[in-house]
Amino acid sequence: MGFTLELTDEQQQLRDKASRFAREVIRPQAAHYDREQELPWDILEEAAQQGLYEPMLYASLSMDPTGLSLPILMEELFWGCAGIGLSIVMPALALAAIRQAATDEQLGRWAPECFGTPGDIKLAALAVTEPSGGSDVRSIQTQARKDGGDWVIDGQKVFIGNGGIADVHVVVATVDPEAGHRGQGVFIVPKGTPGLNMLRKLDKLGCRASHTGEIVFEDCRVPGENLLGGEERMLERIGRGRESEQGRKPIAPAEEGGAAKAVHRRSSAALGAFERTRPLVAAQAIGIARAALEFARDYASTREAFGEPIIENQGVAFPLADLAADIDGARLLTWRAAWMAAQRHPFENAEGSMSKLKASEVAVRACEQAVQTLGGWGYIKDFPVEKWYRDAKLYTIFEGTSEIQRLVIGRALRAQASTEPLDQRMG
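Trainee: Mind showing me how you'd approach the overall build of the chain here?
Mentor: Looking only at helices and strands, the chain features 13 helices and 11 strands. Relative to its length of 427 residues, the chain is compact, with a C-alpha radius of gyration of 22 Å against a globular reference of 22 Å. Counting only C-alpha atoms and orienting by the principal axes, one finds that the chain spans roughly 80 × 70 × 40 Å. Put simply, the chain has 427 residues, and 54% of those count as buried. For the chain, the proportion of contacts with a sequence separation of at least 24, taken over those separated by at least 6, is 74%. Here the chain displays about 19,000 Å² of accessible surface, and carbon together with sulfur accounts for 52% of that area.

In structure tokens:
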């Protein structure tokens, strides 16, 4: 299927539905949940009632061959509120890791537990990041060892969405350190499992309507059937990993782009989930950026100084004009990457990282400019731009910092460099 910007009727309906939900349900409560730092249970319930919080939605949208349905949904929800948006879509990240690693039977068993049903809402968490690792997925220190028919997990995870309160924790742990990222396993740890404890709920700068926890595993025992994909498949992967690690230079931390060979040699569920969700994270940032730009535009069109709307002043209009162009540019990069992911095209030029880098950084600039446009009013909580400013900063950090994205893009450029001597190209 060729790349197109023309939305199908189903995609347009999805956009309208998500936009209406964001405007009528999310926006009116965004300030409250940001202030109280509470999980928006009532909004999750309403989302479930409207079919926006259930596994079949994400399963069906992820099968869209254009790749655009999920970014469209993300942009609209996060236009409403990034913290509430994260609470709504967080289980989808865990579900993506399950789909990457699980057998069909395991997928059928655990996918419903990630979301629950209307009247019985459930939560899911993907537990990858560690205090010492950050974006370096290959350096996971959490260990899983076989003990009879069970697996015993020991380690610590931090910055985990829904961590410690989720009904389903999808945990990435190292089984064989000598096999690199292929020596990792993915385990289901249900809520209440002995040895799974939440150390603390993190007090965050932004996205405060979502729960982020630090969790620890101490002799946390799960049955063998909770190893996603099964032991036989994992042992085969470990064998390949041991062979490939011999004599190989380390891969860049959290590398999601680069040459085709680097893409095809990956089999880590964590890396696979991050690679597919990178354009979705970019779409979330675009939603925040768009919200900030629209608010600044409307304010500047009605706020008068020296007898005319301040948007007539080039010092106000030009930065907003640049942002409008940059937001559209970031969306095009995001849709291209989403289409490539759906079509199984490798990110040979680091297209996924490009989308996340540009979208996250334009979100921060858009919110900063919105604060500047409102002046003193932008610095206080009477208007939402200061909240969006705090929310936007997360996107240059999580799921790969801007520095990591630039590293990935730079390595892709290096892989494409010609070996022909420069003096021979001047004739």
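Here the narrative resumes.
Trainee: For this particular structure, what's the right way to read the packing of helix 1 (residues 9–36) against helix 4 (residues 69–80)?
Mentor: Contact pair helix 1 / helix 4: the axes reach a minimum separation of 7 Å and the direction vectors enclose 20 degrees. By the angle class used here, helix 1 and helix 4 are roughly parallel. In the packing of helix 1 onto helix 4, the handedness of the crossing is right-handed. Contact residues: Gln 11, Leu 14, Arg 15, Ala 18, Ser 19, Phe 21, Ala 22, Arg 23, Ile 26, Arg 27 and Ala 30 in helix 1; Ser 69, Ile 72, Leu 73, Glu 76, Leu 77, Trp 79 and Gly 80 in helix 4. The residue inventory of the contact of helix 1 with helix 4, partitioned by class, reads 10 nonpolar, 4 polar and 4 charged.

Trainee: So what exactly am I meant to see when it comes to helix 5 (residues 82–101) here?
Mentor: Residues separated by three or four positions in an α-helix point in the same direction, a consequence of the helix having 3.6 residues per turn. Taking 1.5 Å per residue, 20 residues should reach 28 Å; helix 5 reaches 28 Å between its end C-alpha atoms and fits that length. Across the 20 residues of helix 5, 18 count as buried, placing the element largely inside the fold.

Trainee: Quick question: what am I supposed to make of the pattern of salt bridges here?
Mentor: Pairing between side chains of opposite charge can happen when the charged atoms of each approach one another. Tallied over the entire structure, the rule returns 25 salt bridges. Arg 208 is paired through a salt bridge with Asp 34; the nearest N and O atoms lie 3.8 Å apart. Of this pair, Arg 208 sits in the loop between strand 8 (196–201) and strand 9 (212–223) while Asp 34 is found in helix 1, placing the two residues 174 residues apart along the sequence. The exposure classification of Arg 208 matches that of Asp 34, with both residues buried.

Trainee: Where do I start with the pairing of strand 9 in this structure?
Mentor: As a general feature of sheets, a regular strand has side chains that alternate between the two faces. As defined by bridge partners, strand 5 (residues 150–161) adjoins strand 9 across 9 bridges and the pair is classed as antiparallel. Among the inter-strand pairings, Gly 161 is bridged to a residue of strand 9, identified as Thr 212. Where strand 8 meets strand 9, 5 bridges bridge the pair, whose relative direction is antiparallel. Bridge pairing in strand 9 places Asn 197 opposite Val 216.

Trainee: I tried to follow the nonpolar core on my own but got confused; where do I start?
Mentor: Most often, soluble globular proteins keep nonpolar side chains buried together rather than apart. Formed by 110 residues in total, the largest nonpolar core has its most connected members in Tyr 58, Leu 73, Ile 88 and Val 170. Here this core takes 14 residues from helix 9 (residues 269–302), the largest share from any one element. Ignoring anything within four residues of it in the chain, the contact list for Leu 73 reads Leu 14, Ala 18, Leu 52, Leu 57, Tyr 58 and Leu 61. Judged by nonpolar contacts, the second largest core, of 6 residues, contains Leu 357, Val 408, Ile 409 and Ala 412.

Trainee: I would appreciate a short explanation of the pairing of strand 7 (residues 184–190) in the present structure.
Mentor: With 6 of 7 residues buried, strand 7 lies mostly within the body of the structure. Where strand 6 (residues 168–174) lies against strand 7, 7 bridges are found, and the strand directions are antiparallel. Counted as the bridge partner of Val 172 is Val 186 from strand 7.

Trainee: Looking at this model, I keep getting lost on the environment of Ile 286. Mind explaining?
Mentor: In this structure, Ile 286 sits in helix 9. Note on Ile 286: relative accessible area 1%, which makes it buried. In this structure the C-alpha to C-alpha distance between Ile 286 and Glu 6, which are 280 residues apart in sequence, comes to 19 Å. Apart from the residues within four sequence positions on either side, Ile 286 is in contact with Glu 75, Ile 327, Ala 330, Arg 331, Thr 334 and Ala 359.

Trainee: Even after reading the chapter, I still don't get unusual backbone geometry, so can you show me in this structure?
Mentor: Among all residues except glycine, the phi angle is most often negative; among peptide bonds, the trans geometry is most common. Backbone geometry places Phe 159, a non-glycine residue, at a positive phi of 60 degrees. Inspection of the secondary structure puts Phe 159 in strand 5. Residue classification places Phe 159 among the exposed residues on the basis of a relative accessible area of 57%. The backbone phi angle of Ala 350 is positive, close to 60 degrees, even though this residue is not glycine. Structurally, the position occupied by Ala 350 is in the loop between helix 10 (314–342) and helix 11 (351–374). On the basis of relative accessible area, Ala 350 is assigned to the buried category, the value being 0%.

So, how was this worked out
- Residues numbered from 1 in each chain as written.
- Predicted model: local features only at pLDDT ≥ 70, side-chain atom pairs only at ≥ 80, totals over all residues.
- Heavy atoms only, no water.
- Helix = DSSP H or I, 4+ residues; strand = E, 2+ residues; numbered from the N terminus.
- Rg over C-alpha atoms; globule rule 2.2 N^0.38 Å.
- Buried < 20%, exposed > 50% of the residue type's maximum accessible area, 1.4 Å probe, protein only.
- Contact = heavy atoms within 4.5 Å.
- Areas by Shrake-Rupley, 256 points an atom, 1.4 Å probe, with all protein chains shown as cover.
- Axes fitted to C-alpha atoms, helices over the stretch in contact; angles between N-to-C directions.
- Parallel < 35°, antiparallel > 145°, perpendicular 65-115°, else oblique.
- Left-handed = near helix turned anticlockwise from the far one by under 90°.
- Nonpolar A, V, L, I, M, F, W, Y, C, P; charged D, E, K, R; others polar.
- Expected span 1.5 Å × (residues − 1).
- Salt bridge = Lys/Arg side-chain N within 4 Å of Asp/Glu carboxyl O.
- Pairing = 2+ DSSP bridges.
- Core = buried A, V, L, I, M, F, W, Y, C linked by side-chain atoms within 4.5 Å.

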